[in-house]
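Survey of secondary and tertiary structure
Chain by chain, the residues run as shown.
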Amino acid sequence: MAHIDEKPSENILELDNITKYFGGIHALQGVSLNIKRGAIIGLIGPNGAGKTTLFNVISGFIPPDKGIITFNQKVLNKLHPHERSILGIGRTFQLPKIFSNMSVIENVIIGLLQNSNDFSACKEQAKELLKEVELDSFSEFSPKDLPIASKKKLEICRALATAPKLLLLDEAISGLTPKETLEMVDLIGTLSGRGLTIFIIEHVMKFIMNVSQWVIVLNHGEKIAEGTPEDISINETVIEAYLGRKE
Amino acid sequence: MKKIKLPNPLLIFMIILGILPLLSSQHFYLHMLTLVFLFAFFSEAWNLISGFGKQFSLGHVAFFGIGAYVTGILYADYGISPWIGILLSGIGGIVLSLLIGFATFRLRAFFFALSTIACAEALRVLITYWRLGSTGLGTTIPAAKGFKYLTFSNEIYYTYLAYVLLLLAVAAAYKITKSKIGYYLLATGEDEEAARSLGVNTYRIKLIVFAISGFFTAVGGGFYCMYTRYIEPSMVFSIDFSVQFAVFAIVGGMGTIAGPILGSALLVPLSTFFRSWIGGLFTPIGFFSYGIILIVIILFIPGGIMKLISLVDEKFFKKLPIPEK
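Computed from a predicted model, the values in this text were never measured in an experiment.

Time to look at the overall build of chain A. Summing up its helical and strand segments, chain A has nine helices and 10 strands in all. Its C-alpha atoms give chain A a radius of gyration of 18 Å, within 12% of the compact-globule value 18 Å for 247 residues. With the C-alpha coordinates of chain A rotated into their principal frame, the extents come out at 60 × 40 × 35 Å. Considering only contacts in chain A between residues 6 or more positions apart, those separated by 24 or more positions represent 67%. Split by element, the accessible area of chain A, about 11,000 Å² in all, is 51% carbon and sulfur. Averaged over its 26 positive side-chain charges, chain A has a centre that lies 4 Å from the centre of its 30 negative ones.

Now for the interface of chain B and chain A. The interface is formed by 23 residues belonging to chain B together with 32 residues belonging to chain A. At the boundary of chain B with chain A, total buried surface from both sides reaches about 2,400 Å², with 62% on carbon and sulfur atoms. Seen at the junction of chain B and chain A, the total is two salt bridges. The closest approach of N and O atoms between Asp191(B) and Lys97(A), which form a salt bridge, is 3.6 Å. Taken together, the links from chain B to chain A amount to 12 residue pairs in polar contact (both at pLDDT 80 or more). Counting residues per element, the side of chain B that touches chain A draws most heavily on helix α7 (residues 180–190) of chain B, at six residues. Here the residues of the side of chain B that touches chain A are counted per class, giving 10 nonpolar, four polar and nine charged.

Residue and element names in this part refer to chain A. Buried residues dominate strand β9 (residues 214–219), accounting for six of its six residues. By the alternation rule, side chains of β9 split into Trp214, Ile216 and Leu218 and Val215, Val217 and Asn219, which are all buried. In terms of strand pairing, strand β3 (residues 40–44) meets β9 through four bridges, oriented parallel. When the bridges of β9 are listed, Ile44 appears paired with Val217. Judged from the five bridges that link them, β9 and strand β10 (residues 222–227) form a sheet pairing that is antiparallel. Across the sheet, the residue bridging to Val217 is Ala225, located in β10. Between β9 and β10, which pair antiparallel in sequence order, lie two residues; one of them, His220, sits at a positive phi of approximately 50°.

The subject of this paragraph is the pattern of salt bridges. Residue and element names in this part refer to chain A. All chains considered together, the criterion is met by 14 salt bridges over all chains. Ionic pairing is found between Glu124 and Lys127, a salt bridge with its closest N-O pair at 3.5 Å. Pair noted here: Glu124 and Lys127 are both in helix α4 (residues 119–132), with a separation of three residues, about one helical turn. Several salt bridges share partner residues, and in doing so they unite Glu134, Lys153, Lys179 and Glu183 into one network.

The next point concerns the sheet that holds strand β5 (residues 74–75) of chain A. All names here are of chain A. Across the sheet, which stays open at both edges, the four strands sit in the order β2-β1-β4-β5 with antiparallel pairing between neighbours. Lying at the two open borders of the sheet, with one neighbouring strand each, are β2 (25–36) and β5. Where strand β1 (residues 11–22) meets β2, eight bridges bridge the pair, whose relative direction is antiparallel. Within β2, the residue paired with Phe22 across the bridge is Ile25.

This part is about empty space enclosed by the protein. Residues and elements named next belong to chain A. Inspection of every chain in the model, using the stated rule, returns one cavity of 30 Å³ or more. The space that makes up the largest cavity amounts to roughly 30 Å³. As for the largest cavity, its lining consists of Thr92, Phe93, Pro96, Lys152, Glu155, Ile156, Asp170, Glu171 and Ala172. The dominant element in the lining of the largest cavity, judged by the number of residues it contributes, is helix α5 (residues 148–160), at three residues. Of the residues in the lining of the largest cavity, the class split is four nonpolar, one polar and four charged.

Another aspect to go through is the sheet that holds β3(A). All names here are of chain A. Taken together, the six strands give an open sheet; going across it, the order is β6-β7-β8-β3-β9-β10, and neighbouring strands pair in mixed fashion. Looking at which strands have only one partner, the edges of the open sheet turn out to be β6 (89–91) and β10. Averaged over all pairs of adjacent strands, the angle between their axes in this sheet comes to 20°, without regard to strand direction. Bridge count for strand β7 (residues 166–170) against strand β8 (residues 197–201) is five bridges, and the pairing is parallel. Each residue of the ladder has a partner; that of Leu168, found in β8, is Phe199.

Residue and element names in this part refer to chain B. Closest axis-to-axis distance for the helix α11 (residues 239–252)/helix α12 (residues 259–277) pair is 7 Å, and the angle between their directions is 110°. Taken together, the axes of α11 and α12 are roughly perpendicular relative to one another. Taking contact as the criterion, the partners of Val247, Phe248, Ala249, Val251 and Gly252 in α11 are, on α12, Gly259, Pro260, Leu262, Gly263, Ser264, Leu266, Leu267 and Val268. Taken together, the residues that form the contact of α11 with α12 break down as nine nonpolar, four polar and no charged.

As a further point, take the layout of surface pockets. All names here are of chain B. Here the second largest pocket defines a volume of roughly 430 Å³. Lining the second largest pocket are 20 residues, and of these Phe39, Phe241, Gln244, Ser271 and Arg275 sit closest to its centre. When residues of the lining of the second largest pocket are traced back to their parent elements, those giving at least two are α2 (27–52), α9 (202–228), α11, α12 and α13 (283–300). Per-element tally for the lining of the second largest pocket: the top contributor is α11, with six residues. Partitioning the lining of the second largest pocket into residue classes produces 13 nonpolar, five polar and two charged.

What follows concerns the packing of aromatic side chains. All names here are of chain B. Counting across every chain of the model gives 35 aromatic pairs over all chains. Taken together, a centroid distance of 5.9 Å and an interplanar angle of 90° make the contact between Phe41 and Phe216 edge-to-face. Placement of Phe41 in helix α2 and of Phe216 in helix α9 is noted, with a sequence separation of 175 residues between them. Each of the two residues, Phe41 as well as Phe216, counts as buried. Chaining the aromatic ring pairs together yields one cluster made of Phe39, Phe41, Phe42, Phe64, Phe215, Phe216, Tyr224, Phe241, Phe245 and Phe248. One Lys or Arg, Arg106, reaches over the ring of Phe102 and ends 5.8 Å from the middle of that ring.

Basis of the calculations
Residue positions are given per chain, counted from 1 along the sequence in the order it is written. Throughout, the order in which chains and ligands are written sets their labels, letters from A for the former and numbers from 1 for the latter. This being a predicted model, a pLDDT of at least 70 is required before a residue's local features are given, and a value of 80 or more before pairs of side-chain atoms are given or counted; all residues contribute to the totals for chains, interfaces and linings. Hydrogens and water molecules were not included; the side-chain quantities draw on all heavy atoms of the structure. Here a strand is any run of E in DSSP of at least two residues, a helix any run of H or I of at least four, and the numbering for each starts at the N terminus. Our radius of gyration is a C-alpha quantity, and the globule rule it is checked against amounts to 2.2 Å times the number of residues to the power 0.38. Any two residues whose heavy atoms approach within 4.5 Å at even a single point are treated as in contact. Surface accessibility in these figures is a Shrake-Rupley result with a 1.4 Å probe; residues are shielded only by whichever protein chains are displayed. Note that His is not counted, nor are the chain ends; the positive residues are Lys and Arg, and the negative ones are Asp and Glu. To locate a charge, take NZ of a lysine, CZ of an arginine, CG of an aspartate or CD of a glutamate. When two components associate, each loses some accessible surface as probed by a 1.4 Å sphere; the sum of these losses over both components is called the buried area. Salt bridge, as applied in this entry: a Lys or Arg side-chain nitrogen positioned within 4 Å of an Asp or Glu carboxyl oxygen. Polar contact is defined as a pair of N or O atoms within 3.5 Å, subject to the rule that within protein one atom must be able to donate a hydrogen and the other to accept it, and that residues adjacent in sequence are counted only when both atoms are side-chain atoms. In this count, Pro and Cys sit with the nonpolar residues alongside Ala, Val, Leu, Ile, Met, Phe, Trp and Tyr, while Asp, Glu, Lys and Arg are called charged and the others, Gly among them, polar. Think of it in three bands: residues with accessible area under 20% of the maximum for their type are buried, residues over 50% are exposed, and the middle band is partly exposed, with areas taken using a 1.4 Å probe on protein chains only. We treat two strands as partners when DSSP finds at least two bridges between them. Buriedness for pockets is judged along seven lines, at least five of which must meet protein on both sides within 12 Å for an open set on the 1 Å grid over protein atoms alone, while cavities are sets there where a 1.4 Å probe fits but cannot get out, and lining residues have an atom within 4 Å of a point. Grid points are joined across faces, edges and corners, and a volume is the space filled by probe spheres set on the points. All axes are obtained by fitting lines to C-alpha atoms, using only the stretch in contact for helices, and the reported angles, taken between N-to-C directions, cover 0 to 180 degrees. For classification, angles of less than 35 degrees are called roughly parallel, those exceeding 145 degrees roughly antiparallel, those between 65 and 115 degrees roughly perpendicular, and all remaining angles oblique. The pairing test for Phe, Tyr and Trp rings, Trp by its six-membered ring, is centres within 6.5 Å, and the orientation test on the planes gives stacked under 30 degrees, edge-to-face over 60, and tilted for anything in between. Charge-over-ring placement is defined geometrically: NZ (Lys) or CZ (Arg) within 6 Å of the ring centre, and within 35 degrees of the ring normal.

Set out below in structure tokens:
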């Protein structure tokens, strides 16, 4: 995928000095960052760096102790997760949270009902969305029977059903085969091509460096670097965070 | 070829249930049917929030008790028609469920279940002290004959009234599960975080369905009071009722519409058999046997009778299409 040379001009999401404590643990330490509209931004960092906590803060599942979250020029701090979803923040979870007692299509319909009360229209839309992620032939199946890659696609499809402006993907390719990873790269590229802003947490460096236009690095809850994938891959602080200090 | 549309199995099931009271005029048979319908109704109401919404309430007896007391006291002390009393019971059930739900829906799983028990117990103590200070603990409901006073000499009227209540609860459950609220309720029950991330106001959905469930349970409590003609706090606020509502739904199949009816149809006669027929000195053996049967059912058919039916249906009747991809 071609990298963009210039950062898009307008910020869709702005985090200012986000701080979060869990008891004595400083999970996020004054994290400030801007997410450009329409960009694909990668969020990396070693285990326990605070990546998922940051996603939970953005989507409203964890309130920050300090700091301001602004989405589309609107301060989100006091809004609940469902209100943030309605405003246009969609997300997936590290371990797919699929409604396993519903069919695949019903999972997608749940997302579509946010903007419609017409079940038959929702069903048609859900079929279209499932087609896009190549899950249309499984629509009446129980998601329990799906392989992990399809569950991840279904979760993305369900989030897309809410018509998000910003999509938070938490480890979208973990556990996928190389072929499935490539399919996911294509899917993310297609979504980005439509103007959707995508913020991805991922551990697989090759993937994040390939798919992202801008990369943010967290370590011990602190933002230690941000830049283009090329810059990040040679950044001494980042290398040190992952591999440790040279003796 | 024109596709023949089969009638809804639930509709056929309800019609069959509606015919059952006509099969015998024996009092005991009709009494048993009344209890089956009534407890199926309570279990259906409980199943709305605890089966479909997976918010395990063990305090539903609070609505049952408040319903019984509103109808009973309004009639016994103020002469207000039990029909109006039952309606007011339902409103009381809504108010109480909103109060309890407002305080407890922020809690999760076991804490929610425990807090609902606490609310029901608090209400029992409150009513006990209130009645101690007035006319005494127990209240006998006067028997003035006639439709207006919900007093009938023939058991079949009670049986059909209980059946109508069950029909209403089944219709409500059916309507809810096919609606946006129903979809949201199922999603909330399955994974609240995922539901919230999709824009579902889970707290509001739980409150709405809890209020509907509380309304039905309180209405049933009012009817039960007029049926048994006697109420006292330790009886109508006994946690045993909450447990029964839950057990009938669990054995029949939680989160299904027919499950609570099947559970009630199996367990109401069974418990009566063990309690009454193996009575006297052997009563504990009866309870013990009933308990063993419940354990066996829950252990070997965790999804309840409905799960068993769906497994048989899938194995012998349905062939799922094989996906192309």
